[in-house]
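Remarks on the overall topology
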Amino acid sequence: MASLESLFEQWLDGKVLSDKQLQQLENDPEYAALMSQAQVWQQHSRDYKAVPVPIWDRQSTISQFSAVRVFSVAGAWAVAASVLVCSLIFLVLPQSDAQGLLAQVTKQTHLLQSQQKQIDQMQKIITAQNQLQQQQMYQLAKEAIATGRVERQEDIASLITYIKTQRAQDQAYLRMQLNDLAEQVQEQPTAAIAKN
């Protein structure tokens, strides 16, 4: 079986096989079907023709406002608003309150940084778990395929054993019938044999 598999792989790789080797592959029903399918796909790949990409009119599908301009205007308003809020805080609040506020902002910044580090670590852990799960699923699939092959081989072996047993029983039964017939022929007188 392994030699047929290696012959099939060589045939798929485009290596020239002898007539005897090709005949071996074509005589096996499984590899004959695989060869037929491979030839169909090879024909499809030879007949493939690339379709040109249609011309796209960007002006008719995208609005005239540029995304950069929209974001730059929004960004400018955000910067102006933050400058205004900061200047109001420093003007309205006493100096000690401003320093307390700055300390709070610093704490919040540190807290946000530590949270970002935790998020990054969680993303790394999730990525590692995903890779591990993919490897385990691949391993399980390989084991399932191997188990299926072993079970098919065992089923085929038990079928062959059953057929051999049936054949032996049939041959034994036929021998018994032939022996009975031979005994009957020997017991009959010669004149009776000639009449039949």
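Nothing here was measured: the structure is a model prediction, and the numbers come from that model. (Residues numbered from 1 in each chain as written. Predicted model: local features only at pLDDT ≥ 70, side-chain atom pairs only at ≥ 80, totals over all residues. Heavy atoms only, no water.)

What to know about the overall build of the protein chain
A tally of helices and strands in the protein chain yields seven helices and zero strands. Each helix and strand of the protein chain, ordered N terminal to C terminal, gives the series α-α-α-α-α-α-α. Here the protein chain, with 196 residues, has 6% of them falling under the buried criterion. Considering only intrachain contacts with a sequence separation of at least 6, the fraction spanning at least 24 residues in the protein chain is 30%. A total of about 17700 Å² of accessible surface is found on the protein chain, and carbon and sulfur atoms cover 61% of it. (Helix = DSSP H or I, 4+ residues; strand = E, 2+ residues; numbered from the N terminus. Buried < 20%, exposed > 50% of the residue type's maximum accessible area, 1.4 Å probe, protein only. Contact = heavy atoms within 4.5 Å. Areas by Shrake-Rupley, 256 points an atom, 1.4 Å probe, with all protein chains shown as cover.)

Things to note about the confidence of the model for the protein chain
As a general rule, the predicted coordinates of low-pLDDT regions are not to be interpreted in detail. Summary statistics for the protein chain give a mean pLDDT of 81 and a share of 83% for residues scoring 70 or more. The weakest mean pLDDT in the protein chain belongs to helix α7 (residues 190-195) at 58; the strongest belongs to helix α2 (residues 19-27) at 89. (pLDDT = per-residue confidence, 0-100.)

A few points about helix α3 (residues 29-47)
Taking 1.5 Å per residue, 19 residues should reach 27 Å; α3 reaches 27 Å between its end C-alpha atoms and fits that length. Taken as a whole, α3 has its buried residues at Y31, M35 and A38. For α3, the angular spread of buried residues about the axis comes to 65°, placing them on one side. Turned more than 90 degrees away from the buried face of α3, the exposed residues are P29 and W41. Two or three places before E30, at the start of α3, stands the capping residue D28, its side-chain oxygen 3.2 Å from that residue's backbone nitrogen. (Expected span 1.5 Å × (residues − 1). Arc of directions from axis to C-beta. Polar contact = N/O pair within 3.5 Å; in protein donor to acceptor, adjacent residues only side chain to side chain.)

Remarks on a negative patch on the surface
Judged by side-chain charge, E5, E9, D13 and E30 come together as a negatively charged surface patch. With respect to the helices and strands, E5 occurs in helix α1 (residues 2-12). On the basis of relative accessibility, which here comes to 41%, the residue E5 falls in the partly exposed class. (Patch = residues over 30% accessible without salt bridge, like charges linked within 9 Å, V, L, I, M, F, W, Y side chains within 5 Å. Salt bridge = Lys/Arg side-chain N within 4 Å of Asp/Glu carboxyl O. Lys, Arg positive; Asp, Glu negative; His and termini not counted. Charge placed at Lys NZ, Arg CZ, Asp CG, Glu CD.)

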